[in-house]
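Coordinate analysis (summary)
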Amino acid sequence: MSGIYIHIPFCRQACNYCNFHFATSLLKKDAMLAAINKEIALAAGDNSWLVNTIYFGGTPVF
Ligand code: SF4
């Protein structure tokens, strides 16, 4: 059993306890979403593992 966590790293505020990569600016939004899409496309070609759950996290502000 395996799962994937996809972090959308754009937040309204910086939480002082957070250990994730995040930004409070949307300047890099398009580049980050393109990178996430590319990573998903690369992983889709690998059928050697089974994914049971996909969790989207972060606090998208868009
Ligand atoms: S990812 Fe979550 S915990 Fe971290 S700064 Fe953003 S909203 Fe806060």
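Residues numbered from 1 in each chain as written. Predicted model: local features only at pLDDT ≥ 70, side-chain atom pairs only at ≥ 80, totals over all residues. Heavy atoms only, no water.

**Overview of the overall build of the protein**
Selection rule: Secondary structure elements follow DSSP: runs of H or I of four or more residues count as helices, runs of E of two or more count as strands, with numbering from the N terminus. We take the radius of gyration over the C-alpha atoms and set the globule estimate at 2.2 Å times the residue count to the 0.38 power. Buried, partly exposed and exposed residues are distinguished by accessible area as a fraction of the type maximum, computed with a 1.4 Å probe on protein chains only: under 20%, between the cut-offs, and over 50%, respectively. Residue contacts follow a heavy-atom distance rule, with two residues in contact if any of their heavy atoms lie within 4.5 Å. The accessible surface values rely on the Shrake-Rupley method and a 1.4 Å probe; as for residues, cover is taken only from the protein chains in view.
Scanning the protein from terminus to terminus reveals one helix and two strands. For the protein, the succession of helices and strands along the chain, N to C, is β-α-β. On C-alpha atoms alone, the protein measures out to a radius of gyration of 13 Å, which is more than a quarter above the 11 Å that the 2.2 N^0.38 rule sets for 62 residues. Dimensions of the protein along its principal axes, counting C-alpha atoms only, are 40 × 25 × 15 Å. For the protein, with 62 residues in total, the buried portion stands at 13%. Of all intrachain contacts in the protein linking residues separated by at least 6 positions in sequence, the fraction that spans at least 24 positions is 66%. Carbon together with sulfur atoms contributes 59% to the accessible area of the protein, which is approximately 5100 Å² in total.

**A few points about the pairing of strand β1 (residues 3-8)**
Let me state the cut-off plainly: In short, DSSP must find at least two bridges between two strands for them to pair. By convention, a crossover is right-handed whenever its connection, traced from the first strand over the helix to the second and viewed with the strands pointing away, goes clockwise.
Of the strand pairs in this sheet, β1 and strand β2 (residues 53-58) are connected by six bridges, and their pairing is parallel. Counterpart to Gly 3 in the pairing with β2 is Thr 53. Handedness of the crossover is the feature at issue here: the chain leaves β1, passes through helix α1 (residues 29-44), returns alongside β2, and the resulting connection is right-handed.

**Here's the deal with α1**
Note: α-helices contain 3.6 residues per turn, so residues at a spacing of three or four share the same orientation. Keep this limit in mind: Multiply 1.5 Å by the residue count of a helix minus one, and that product is the helix's expected span.
The terminal C-alpha atoms of α1, which comprises 16 residues, lie 22 Å apart, in line with the 22 Å expected from a rise of 1.5 Å per residue. Taken across its 16 residues, α1 has one buried, putting it largely on the surface.

**Overview of the environment of Ala 43**
Within the element layout of this structure, Ala 43 appears in helix α1. For the pair Ala 43 and Gly 3, spaced 40 residues apart in sequence, the C-alpha to C-alpha distance is 13 Å.

**A closer look at the packing of aromatic side chains**
For the record, the criterion: The rule is short: rings of Phe, Tyr and Trp, with Trp giving its six-membered ring, pair when the centres are within 6.5 Å, and they are stacked under 30 degrees, edge-to-face over 60, tilted in between.
With the rule as written, the count across this model stands at two aromatic pairs. Plain terms: the ring middles of Tyr 5 and Phe 20 are 5.6 Å apart, the flat faces sit at 40 degrees to each other, and that makes the pair tilted. Taken together, the residues Tyr 5 in strand β1 and Phe 20 in the loop between β1 and α1 connect sequence positions 15 residues apart. Accessibility expressed as a relative area gives 46% for Phe 20, which makes it partly exposed.

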